[in-house]
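For reference, the chains in residue letters:
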Amino acid sequence: MIRVGIAGWDYPDWEGVVYPPGPGREFDALAFLTRYFDTIEINVTFYRQIDPAMAQAWAGRVAGAGPFLFTAKLHRSLTHPAPDPGSREVPGGESPGALSAVEAEAARCRTGLAPLMDAGLLGALLMQFPHSFHDTRANWERLDALATALAGLPLVAEFRHRSWDNQKTLDRLRERGIGFCNIDQPSIGATLPATCHVTSRIAYVRLHGRNGANWFRRGAASASRYDYLYSMEELEPWVQRVRRLAGHAEEVFVIANNHYHGKGPANALMLSSALSGRRPRAPATLVAAHPVLSGMVEEDPGPPVQRSLF
């Protein structure tokens, strides 16, 4: 099963591009997106721990959406720990004395996502580590602590630094049942290059765009960092990689994270078209904003919009 989707759904700049213009307060963006995608990566869980009621509400909003699955990002306290002034470990590492904090935050994450797990709607839990997180003993200790604290959840590790692209990493992840996230990102210095690795029943791909000018620029807004539209020529190698991944995994998740101005949704639909050989439907507003979609998708005016009177 190959699922192609997007990262997040709460973007003001999507109004009139991905979403209808002036949709009103009754418009349900999440339900709307399930018309076009069979997976969505939840981003808010990276920025704050959620309560089960929120996850339960998400489950209700995608009810009846067919074979839909969420993925979610692990909270940043577990993947981007604050440096310990008394530690001599490299940045990104953490001293063993902090493992109780790992266990506590992992328990909060598990509780918050429980409704999605119980409903069979959580396909993967992504541990997104920063570029400063290198292949070191201290960071393997953190990975082991997370694998223990989050046992039973469908874990996937996303590394940004190329030190992790080695056979030892792949073997250790397989031993722990953790998937490897293959990414597309700007090629700068020691960034992880494009890979095609499978280390668990789940294969995962994230496309971040190639906006090298803003990737490491201090103070760059998220919108500018992910402001990039892939051409079909740039996506074609990923079409081939995804097909290879599908030959070795039970499920493949492909997430377009280049969200600015609906570029991620556009690229996700381009990939879906190339992988399936069919023309997926797409919001008519998105085709108007990104004409590259013309001829690759079926334009969909979308459902009637319920507009608030107030």
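Residues numbered from 1 in each chain as written. Predicted model: local features only at pLDDT ≥ 70, side-chain atom pairs only at ≥ 80, totals over all residues. Heavy atoms only, no water.

**Some details on the nonpolar core**
Short version of the rule: In this description, a nonpolar core means a group of buried Ala, Val, Leu, Ile, Met, Phe, Trp, Tyr and Cys residues linked to one another through side-chain atoms lying within 4.5 Å. Any residue under 20% of the maximum accessible area for its type is buried, any over 50% is exposed, and the rest in between are partly exposed; the area is computed with a 1.4 Å probe on protein chains only. By definition in these notes, contact holds between two residues if any of their heavy atoms fall within 4.5 Å.
Ranked by size, the top nonpolar core spans 94 residues in total, and within it Trp9, Leu33, Phe70 and Leu116 carry the most contacts. If near-sequence neighbours (up to four positions away) are discounted, Phe70 is found in contact with Trp9, Leu30, Thr39, Ile40, Ile42, Trp58, Val62, Leu116, Leu121, Leu122, Gly123 and Ala124.

**Re the pattern of salt bridges**
Put simply, the test is: In the sections that follow, a salt bridge refers to a side-chain nitrogen of Lys or Arg positioned within 4 Å of a carboxyl oxygen of Asp or Glu. Strands here mean DSSP runs of E at least two residues long; helices mean DSSP runs of H or I at least four residues long; both are numbered from the N terminus.
Tallying each qualifying case throughout the model produces 17 salt bridges. In this structure, the salt-bridge partner of Arg206 is Glu158, at a minimum N-O distance of 2.6 Å. Taken together, the residues Arg206 in strand β7 (residues 202-207) and Glu158 in strand β5 (residues 155-158) connect sequence positions 48 residues apart. Taken individually, Arg206 and Glu158 each receive the classification buried, so the pair is uniform in this respect. Measuring nitrogen to oxygen at the nearest pair gives 3.6 Å for the salt bridge that ties Arg176 to Glu175. Salt bridges linked by common partners bring Arg3, Arg201, Glu250 and Glu251 together as one network.

**Focus: the pairing of strand β2 (residues 39-42)**
We apply this condition: Strand pairing is defined by DSSP finding a minimum of two bridges between the two strands.
The two faces of β2 match: Thr39 and Glu41 on one face and Ile40 and Ile42 on the other face are all buried. The pairing of strand β1 (residues 2-7) with β2 spans 2 bridges and is parallel. Residue pairing for β2: Ala7 is matched across the bridge by Glu41. Here β2 runs beside strand β3 (residues 69-73); their pairing, made up of 4 bridges, is parallel. Bridge pairing in β3 links Glu41 to Thr71.

**Thoughts on the packing of helix α10 (residues 232-246) against helix α11 (residues 263-276)**
Here is the rule: Helix axes are fitted to C-alpha atoms over the stretch in contact, other axes to C-alpha atoms as well, and angles between N-to-C directions run from 0 to 180 degrees. Any angle that is under 35 degrees is reported as roughly parallel, and any over 145 degrees as roughly antiparallel; angles of 65 to 115 degrees are reported as roughly perpendicular and all others as oblique. What makes a crossing left-handed is the near helix being turned counterclockwise from the far one by less than a right angle; a clockwise turn instead makes it right-handed.
One way to put it is that α10 packs onto α11 with a least axis distance of 10 Å and a crossing angle of 55 degrees. In terms of orientation, α10 and α11 fall into the oblique class. The chirality of how α10 crosses α11 is right-handed. Two secondary-structure elements touch here, α10 through Met232, Leu235, Val239, Val242 and Arg243 and α11 through Asn267, Met270, Leu271, Ala274 and Leu275.

**Notes on the pairing of strand β4 (residues 122-128)**
Convention followed: If the strands point away from the viewer and the path from the first strand over the helix to the second runs clockwise, then the crossover is right-handed.
Where burial is concerned, most of β4 is hidden: 7 out of the 7 residues are buried. By the bridge criterion, 4 bridges tie β3 to β4 in an arrangement that is parallel. Bridging from a neighbouring strand, Phe70 pairs with Leu122 of β4. In this sheet, β5 lies alongside β4 in parallel orientation, the contact comprising 4 bridges. Residue pairing in the sheet places Leu126 in a bridge with Val156 of β5. Once the chain exits β4 it traverses helix α6 (residues 137-149) before rejoining the sheet at β5, and the crossover so formed is right-handed.

**Points about α6**
What counts, and what does not: One less than the residue count of a helix, multiplied by 1.5 Å, gives the span that helix is expected to have.
Compared with an ideal rise of 1.5 Å per residue, which puts 13 residues at 18 Å, α6 spans 18 Å between its outermost C-alpha atoms and is within 8% of the ideal. Along α6, the positions that sit buried rather than exposed are Ala138, Asn139, Trp140, Arg142, Leu143, Ala145, Leu146, Ala147 and Ala149.

**Remarks on the packing of aromatic side chains**
Condition: Aromatic rings from Phe, Tyr and Trp, taking only the six-membered ring of Trp, are treated as a pair when their centres fall within 6.5 Å; an angle between ring planes under 30 degrees marks them as stacked, one over 60 as edge-to-face, and anything in between as tilted.
Under the counting rule described, the total for this entry stands at 20 aromatic pairs. Relative to Phe32, the ring of Tyr19 lies with its centre 5.8 Å away and its plane at 75 degrees, an arrangement referred to as edge-to-face. Of this pair, Tyr19 sits in the loop between β1 and α1 (29-33) while Phe32 sits in helix α1, and the two are 13 residues apart along the sequence. Across the pair, Phe32 and Tyr19 agree in class, each one buried.

**Let's talk about the environment of Arg225**
With respect to the element layout, Arg225 can be found in helix α9 (residues 222-225). Linking Arg225 and Asn139, residues 86 residues apart in sequence, is a C-alpha distance of 26 Å. Ignoring anything within four residues of it in the chain, the contact list for Arg225 reads His208, Asn211, Asn214, Trp215, Arg217 and Ala220.

**Let's talk about the environment of Leu126**
Assignment of secondary structure puts Leu126 in strand β4. Given a relative accessible area of 0%, Leu126 falls into the buried group. Note: C-alpha distance between Leu126 and Ile42 (84 residues apart in sequence) is 9.7 Å. Leaving out residues up to four positions away in the same chain, Leu126 has contacts with Glu41, Ala72, Lys73, Leu74, Val156, Glu158, Cys181, Tyr204 and Arg206.

Treat this as a map of the structure, not an account of what it does.
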